[in-house]
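# Observations on the three-dimensional arrangement
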Amino acid sequence: MLSWCSALLLLLQEGKQDRTPILQDPIENWKAQIFARDARGDLVLAAELLGDRMVPVDLVRKIVDVQGLRAIYYTEPGDKGERSQKLTLTADGARVDDSRKLLLLRGHILVEGEDGSRLETSELELHFDERKFRTVHEVRLKSSTLTFTGRGLEADDTLRQVTISENGHVSGLLADPRTGIKEASKKPHLDFRSPGPMTV
């Protein structure tokens, strides 16, 4: 739910009978918060969005276009006691569709995790209710020891469970989570290709 939309809805209710919004002009230095239901059904902060410029598309359905998007996305903790991770998202542009709980990023897109992981692509969907990333475009995902490339991606919001649809390629060093990255340099190098779907 976009927090700024509730104020706009009040303006709509005070407007004419045809529900024409009073505010239709672009907003510079736009900010919004996205809320979604967690696994327990509680409404939690899922993302904080900042944009150079927001242009209303459909205020009744709460759809806006944003230029120069920067966002902080909060992952859903998986295990009991695990804390939420922050992902930083930047994109040339985006469409925020609150009615579908969807953020569609466009242009040069970079998603960076606290653990150093980086996802790059030209178009990316973030589904807030499902807590998933999806794209049909070329992707590059780099972790601390592995690099994934291919066309098409579906990933959980932590970028730990990844499916590449076509021409998947994984390369890098295998690391044991107990020994860390230093021990990974002693492991054999991984280089794997798959023409069809590949899940890691």
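Check the entry above for the structure.
These lines cover the structure that appears in this document, whether it is placed above or below. This structure is a prediction, so every number in the text was calculated from the model and none was measured.

What counts as what
Residues numbered from 1 in each chain as written. Predicted model: local features only at pLDDT ≥ 70, side-chain atom pairs only at ≥ 80, totals over all residues. Heavy atoms only, no water. Helix = DSSP H or I, 4+ residues; strand = E, 2+ residues; numbered from the N terminus. Contact = heavy atoms within 4.5 Å. Areas by Shrake-Rupley, 256 points an atom, 1.4 Å probe, with all protein chains shown as cover. Core = buried A, V, L, I, M, F, W, Y, C linked by side-chain atoms within 4.5 Å. Buried < 20%, exposed > 50% of the residue type's maximum accessible area, 1.4 Å probe, protein only. Pairing = 2+ DSSP bridges. Salt bridge = Lys/Arg side-chain N within 4 Å of Asp/Glu carboxyl O.

Glancing now at the overall build of the chain. Secondary structure summary: the chain contains two helices and 11 strands in total. For the chain, the α and β elements follow one another from N to C terminus as α-β-β-β-β-β-β-β-β-β-α-β-β. In the chain, once contacts between residues fewer than 6 apart in sequence are set aside, the share between residues at least 24 apart is 42%. Working note: accessible area of the chain is about 11,300 Å², and carbon and sulfur atoms make up 51% of it.

This part covers the nonpolar core. Counting 38 residues, the largest nonpolar core has Leu-49, Leu-89, Leu-103, Leu-105, Val-111, Phe-128 and Phe-133 as its most contacted members. Beyond its immediate sequence surroundings of up to four residues, Leu-89 is in contact with Leu-69, Arg-70, Ala-71, Tyr-73, Leu-105, Leu-110, Val-111, Leu-126 and Phe-133.

What follows deals with unusual backbone geometry. Positive phi, normally seen in glycine, also occurs at Arg-131, with a value near 60°. Inspection of the secondary structure assignment puts Arg-131 in the loop between β6 (118–127) and β7 (132–142). For Leu-159, which is not a glycine, the phi torsion comes out positive at approximately 65°. With respect to the element layout, Leu-159 can be found in the loop between β8 (146–156) and β9 (162–173). With a relative accessible area of 10%, Leu-159 lands in the buried category.

The next subject is the pairing of β9. Relative to β9, β8 is paired through eight bridges, and the arrangement is antiparallel. For Glu-154, the partnering residue across the bridge sits in β9 and is Thr-163. Connecting the antiparallel pair β8 and β9 is a turn made up of five residues, with Leu-159 showing a positive phi of about 65°. Here β9 pairs with strand β11 (residues 198–199) via two bridges, running antiparallel. Across the sheet, the residue bridging to Thr-163 is Thr-199, located in β11. Direction of pairing for β9 relative to strand β10 (residues 189–194): antiparallel, over a ladder of six bridges. The partner of His-169 across the bridge, within β10, is Arg-193.

Mapped onto the secondary structure, Gly-107 falls in strand β5 (residues 102–113). Along the backbone, Gly-107 and Asp-92 are 15 residues apart, and their C-alpha atoms lie at a distance of 5.0 Å.

If the charged atoms of two oppositely charged side chains come close together, the side chains can form a pair. Counted according to the given criterion, the structure contains 17 salt bridges. Among the salt bridges present, the one from Glu-76 reaches Arg-131, with a minimum N-O distance of 3.8 Å. Separated by 55 residues along the polypeptide, Glu-76 in the loop between β3 (63–74) and β4 (86–97) and Arg-131 in the loop between β6 and β7 bring together distant segments of the chain. On the basis of relative accessibility, which here comes to 7%, the residue Arg-131 falls in the buried class. With a closest N to O distance of 3.4 Å, Arg-151 and Glu-138 form a salt bridge. Placement of Arg-151 in strand β8 and of Glu-138 in strand β7 is noted, with a sequence separation of 13 residues between them. In the salt-bridge network here, residues are joined through shared partners; they are Glu-130, Lys-132, Arg-134 and Glu-154.

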